[in-house]
Amino acid sequence: MTQELVPLARKLAVPYYQNALPAHDQFHASRVHDIARRLASEYEGAVERDVLFAAAWFHDIGRPLETAGEITDHVEWGAVTAGELLQEEEVASDRIAEIQDSIRSHGIRASSPEPSTPEAKLLFDADKLDALGAVGIVRMSCILGEQSGKAGDKIAVIDDSTISESITTNLPDISLLRDRARKRLELLCTEPGQRVGNARWEYIEEFLDQFRAEIDAKR
């Protein structure tokens, strides 16, 4: 089933990422798929891999529409749309329901359901891990840029106010990236996810040390 369902999910999902911005494009979906494969291989317990990997490809197909303001909830839209696409391909209804469950619980909004199955938990962690480490720093920076463009104003400044003695601002600074990454680290809910997350967090700390050193050098 893995060899049949997962390539099908990729084929069906990729076109929906065509107009996606960098932080949530098809390459993000591909990385989440690859991270999910790693986590599943290290997870102690049974995992429906075809469900997990298919959900990874589908999980953000609604992001471009939400970014464009055409829908308000990319998670629910994506779950419904993935279900419709798979139903047309005559995928078993129980597999569709499991994929939709994983998609619906990958978000971190207050309304997002808690991931309860191994597949949902591993997808959740794989998605959050792509916001940690070197890739995570770039992605979170892209997201801040997206939000600034949508708001028509800056969301944050690229600096560190804890070092500056002469310049003040009411905007968040580089610590905003740290806080967002830390939140995702704390949300990880599987042992392999936490292990990978801790390693990626070490890199973020190293990056921030280097960042502060560069900022301090220019003062």
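This text follows the structure it describes.
Since the model is a prediction, treat every value here as computed from it, not as a measurement. (Residues numbered from 1 in each chain as written. Predicted model: local features only at pLDDT ≥ 70, side-chain atom pairs only at ≥ 80, totals over all residues. Heavy atoms only, no water.)

From N to C terminus, the protein chain includes 10 helices and 0 strands. Along the chain direction, N to C, the helices and strands of the protein chain fall in the order α-α-α-α-α-α-α-α-α-α. The buried share among the 219 residues of the protein chain stands at 46%. Sequence-distant contacts, at least 24 apart, represent 68% of the contacts inside the protein chain between residues at least 6 apart. Accessible surface computed for the protein chain: about 11500 Å², of which carbon and sulfur atoms make up 48%. (Helix = DSSP H or I, 4+ residues; strand = E, 2+ residues; numbered from the N terminus. Buried < 20%, exposed > 50% of the residue type's maximum accessible area, 1.4 Å probe, protein only. Contact = heavy atoms within 4.5 Å. Areas by Shrake-Rupley, 256 points an atom, 1.4 Å probe, with all protein chains shown as cover.)

Quick look at empty space enclosed by the protein now. In the structure shown here, the tally under the stated rule is 1 cavity of 30 Å³ or more. Here the largest cavity is characterised by a volume of approximately 60 Å³. Ala131, Gly136, Ile137, Met140, Leu177, Arg178, Ala181, Ile204, Phe207 and Leu208 together form the lining of the largest cavity. Elements with a minimum of two residues in the lining of the largest cavity: α8 (133-151), α9 (175-187) and α10 (191-218). Class assignment for the residues of the lining of the largest cavity results in 8 nonpolar, 1 polar and 1 charged. (1 Å grid on protein atoms, 1.4 Å probe; cavity = no way out; pocket = protein on both sides within 12 Å on 5 of 7 lines; lining within 4 Å. Points joined across faces, edges and corners; volume = space filled by probe spheres on them. Nonpolar A, V, L, I, M, F, W, Y, C, P; charged D, E, K, R; others polar.)

By secondary structure assignment, the location of Thr81 is in helix α5 (residues 74-88). At 2.8 Å, the side chain of Thr81 and the backbone oxygen of Trp77 are in polar contact. Apart from residues no more than four positions distant in its own chain, Thr81 is found in contact with Tyr16 and Ile61. (Polar contact = N/O pair within 3.5 Å; in protein donor to acceptor, adjacent residues only side chain to side chain.)

Once that is clear, we can look at the nonpolar core. Across soluble globular proteins, nonpolar side chains show a tendency to be buried alongside one another. Counting residues in hydrophobic clusters, the biggest one holds 56 residues, and the most contacted among them are Leu52, Phe58, Leu86, Ile99 and Leu132. Considering each element in turn, this core owes the most residues, 8 residues, to helix α3 (residues 49-58). Filtering out sequence-adjacent residues up to four positions away, Leu52 remains in contact with Ala36, Ala40, Val47, Glu119, Leu122 and Leu123. (Core = buried A, V, L, I, M, F, W, Y, C linked by side-chain atoms within 4.5 Å.)

One pass over the full model with this rule turns up 17 salt bridges. Its salt-bridge partner being Glu42, residue Arg38 comes within 3.3 Å of it at the nearest N-O pair. With a gap of 4 residues between them, Arg38 and Glu42 both fall in helix α2 (residues 26-42), about one helical turn apart. Residue Arg38 is classed as partly exposed on the basis of its relative accessible area, which comes to 44%. (Salt bridge = Lys/Arg side-chain N within 4 Å of Asp/Glu carboxyl O.)

Before going further, it helps to spend a moment on the packing of aromatic side chains. Per the stated rule, a full pass over the model turns up 2 aromatic pairs. Relative to Trp77, the ring of Tyr16 has its centre 6.0 Å away and its plane inclined at 65 degrees; by these criteria the two rings are edge-to-face. Separated by 61 residues along the polypeptide, Tyr16 in the loop between α1 (2-13) and α2 and Trp77 in helix α5 bring together distant segments of the chain. The lysine or arginine in question, Lys128, covers the ring of Phe124, its NZ or CZ lying 4.1 Å from the ring centre. If you follow Arg182 out to its NZ or CZ, it ends over the ring of Trp201, 5.1 Å from the centre. (Phe/Tyr/Trp six-rings, centres within 6.5 Å; stacked < 30°, edge-to-face > 60°. Lys NZ or Arg CZ within 6 Å of the ring centre and 35° of its normal.)

Size it by volume and the largest pocket reaches roughly 600 Å³. Forming the boundary of the largest pocket are 24 residues, of which His24, Arg63, Glu66, Ile143 and Gln147 lie nearest the centre. Listing elements by their share of the lining of the largest pocket, those giving two or more residues are α4 (63-67), α5, α7 (118-129), α8 and α9. Here the lining of the largest pocket gets 6 residues from one element, more than from any other, and that element is α8.

So, on to the environment of Arg104. Relative to the assigned elements, Arg104 resides in helix α6 (residues 93-104). Residues Arg104 and Val80, spaced 24 residues apart in sequence, show a C-alpha to C-alpha distance of 9.3 Å. With sequence-adjacent residues up to four places away left out, Arg104 is seen in contact with Val75, Glu76, Ala79, Val80 and Pro113.

Looking now at a negative patch on the surface. A surface patch of negative charge is lined by Glu84, Glu88, Glu89 and Glu90. Among the secondary structure elements, Glu88 is positioned in helix α5. The class of Glu88 is exposed, set by a relative accessible area of 63%. (Patch = residues over 30% accessible without salt bridge, like charges linked within 9 Å, V, L, I, M, F, W, Y side chains within 5 Å. Lys, Arg positive; Asp, Glu negative; His and termini not counted. Charge placed at Lys NZ, Arg CZ, Asp CG, Glu CD.)

Honestly, it's all geometry; don't read function into it.
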